[in-house]
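What follows is each chain in one-letter form.
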Amino acid sequence: MIRLVATDLDGTFWDSDLTVPRAHLGAVHELERRGVEVMAATSRRRRVVAHHLGRVGLAPSAVVLDGAMGVDLADGRRFHDAAFSVDAAGRVLEQFRRHGIEPCVYVDEAEVDVVVASQPSTSAAHLAYLGPITRTGDLDETVATPGVYSFSVTGRPRTELLPLGEDLARTGTEPLLFFEADYGGWTLLVAPPAVTKWNGILSHAARRGIAIDEILAVGDGDNDIEMLTRAGTAVGVRGGTERALAVADHRIDGPSSNGWAAIVDLLDS
């Protein structure tokens, strides 16, 4: 019996416009009616997830920043927190700078989610997207303060970011390199050591008394592979990465085809 559906958002629950299809919203309500909880597991920031899900009346528990934080969106309570230590954050910033890159630093301040240097290396389109939840500041001062959850840079050549990712991996952090067409280049995300979506999901499941075989995970990307592999049931999204689809027990269509709504049918099969 499935008691928890842990779902990725981008390319899975919503499309690039971050709008929840009506059919998906109906499926969530039907699952809730059956006593099945739906939670989000995403690389996005808490504020973004709360805003876009809140537009359709949803405020689930969510694992955000690829597992660095778990929060109940309804009341803001944390159930999982895996920020960098001050020393580790300092070492990551040092590695970025050795490669001539000024990263975005993800924090959880009252008014902003991201701190950037006066001349950040991320793309102009990414900065425009981040908009008002970003402030310019001293990155050395930022990483010297507890509460750094991840680093990123977007819209750069792969040849530039791959060596940096390899260097970071040797330090025990969790770098993820992938192409983003919207930003015209490659993105490098860096999470604290051993931080994954799955660890955040486990923290939530433990407090609910939910067993692993009662969890269904839905995702389309390489950062979803662990939760797809470890959950009792794995659902991949057509159009996702080959590695994610390879570990899926079932496949659904993407959000443009209302594919997530098929989760209800899977539970009936």
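Everything discussed here concerns the structure shown above.
Fair warning: this is a prediction, and the values are worked out from it, not measured in the lab.

Brief notes about the overall build of the chain
Here's step 1: Within the chain one finds 10 helices and 14 strands.
Here's step 2: In terms of C-alpha radius of gyration, the chain reaches 18 Å, essentially the compact-globule figure of 18 Å for 269 residues.
Here's step 3: Burial status across the chain gives 51% buried among its 269 residues.
Here's step 4: Within the chain, residue pairs in contact and separated by at least 24 positions form 58% of the contacts whose partners lie at least 6 positions apart.
Here's step 5: By element, 48% of the accessible surface of the chain is carried by carbon and sulfur atoms, the whole surface being about 11,800 Å².
Here's step 6: Positive and negative charge centroids in the chain, built from 25 and 38 side chains respectively, lie 2 Å apart.

Notes on the environment of Val38
Here's step 1: In this structure, Val38 sits in strand β2 (residues 37-41).
Here's step 2: A relative accessible area of 11% means that Val38 is categorised as buried.
Here's step 3: If near-sequence neighbours (up to four positions away) are discounted, Val38 is found in contact with Val5, Thr7, Val28, Leu31, Pro60 and Trp260.

Section: the pairing of strand β11 (residues 185-191)
The side chains of a regular strand alternate, first on one face of the sheet and then on the other.
Here's step 1: Within β11, six of the seven residues are buried, which leaves it mostly tucked inside the rest of the structure.
Here's step 2: Across five bridges, the pairing between strand β9 (residues 150-156) and β11 is antiparallel. Within the sheet, the bridge partner assigned to Thr154 lies in β11 and is Thr187.
Here's step 3: Counting the residues that bridge the hairpin from strand β10 (residues 174-180) to β11 gives four residues, and of these Gly184 lies at a positive phi of roughly 70°.

Topic: the sheet that holds β11
Here's step 1: Reading across from one edge, β8-β7-β6-β9-β11-β10 is the order of the six strands in this open sheet, with mixed pairing throughout. In this open sheet, the two edge strands, each paired with only one partner strand, are β8 (134-136) and β10. Pairs of neighbouring strands in the sheet enclose a mean axial angle of 25°, with direction left out of account.
Here's step 2: In the packing of helix α6 (residues 158-169) onto the sheet, contacts are made with β9, β10 and β11, and the angle to β11 comes to roughly 15°.

Some words on helix α3 (residues 86-98)
Here's step 1: Helix length check: α3 (13 residues) gives 19 Å between terminal C-alpha atoms against 18 Å at 1.5 Å per residue, within 8%.
Here's step 2: Listed as buried for α3 are Ala88, Ala89, Val92, Leu93, Gln95 and Phe96. Projected down its long axis, α3 carries its buried residues within an arc of 155°, all on one side. Opposite the buried face of α3, at more than 90 degrees from it, the exposed residues are Asp87 and Arg98.
Here's step 3: Looking at the buried side of α3, the elements it contacts are α5 (139-143), β9, α6 and β11.
Here's step 4: Of the residues flanking the end of α3, it is Gly100, one or two places downstream, whose phi is positive at about 75°.

Definitions and cut-offs
Residues numbered from 1 in each chain as written. Predicted model: local features only at pLDDT ≥ 70, side-chain atom pairs only at ≥ 80, totals over all residues. Heavy atoms only, no water. Helix = DSSP H or I, 4+ residues; strand = E, 2+ residues; numbered from the N terminus. Rg over C-alpha atoms; globule rule 2.2 N^0.38 Å. Buried < 20%, exposed > 50% of the residue type's maximum accessible area, 1.4 Å probe, protein only. Contact = heavy atoms within 4.5 Å. Areas by Shrake-Rupley, 256 points an atom, 1.4 Å probe, with all protein chains shown as cover. Lys, Arg positive; Asp, Glu negative; His and termini not counted. Charge placed at Lys NZ, Arg CZ, Asp CG, Glu CD. Pairing = 2+ DSSP bridges. Axes fitted to C-alpha atoms, helices over the stretch in contact; angles between N-to-C directions. Expected span 1.5 Å × (residues − 1). Arc of directions from axis to C-beta.

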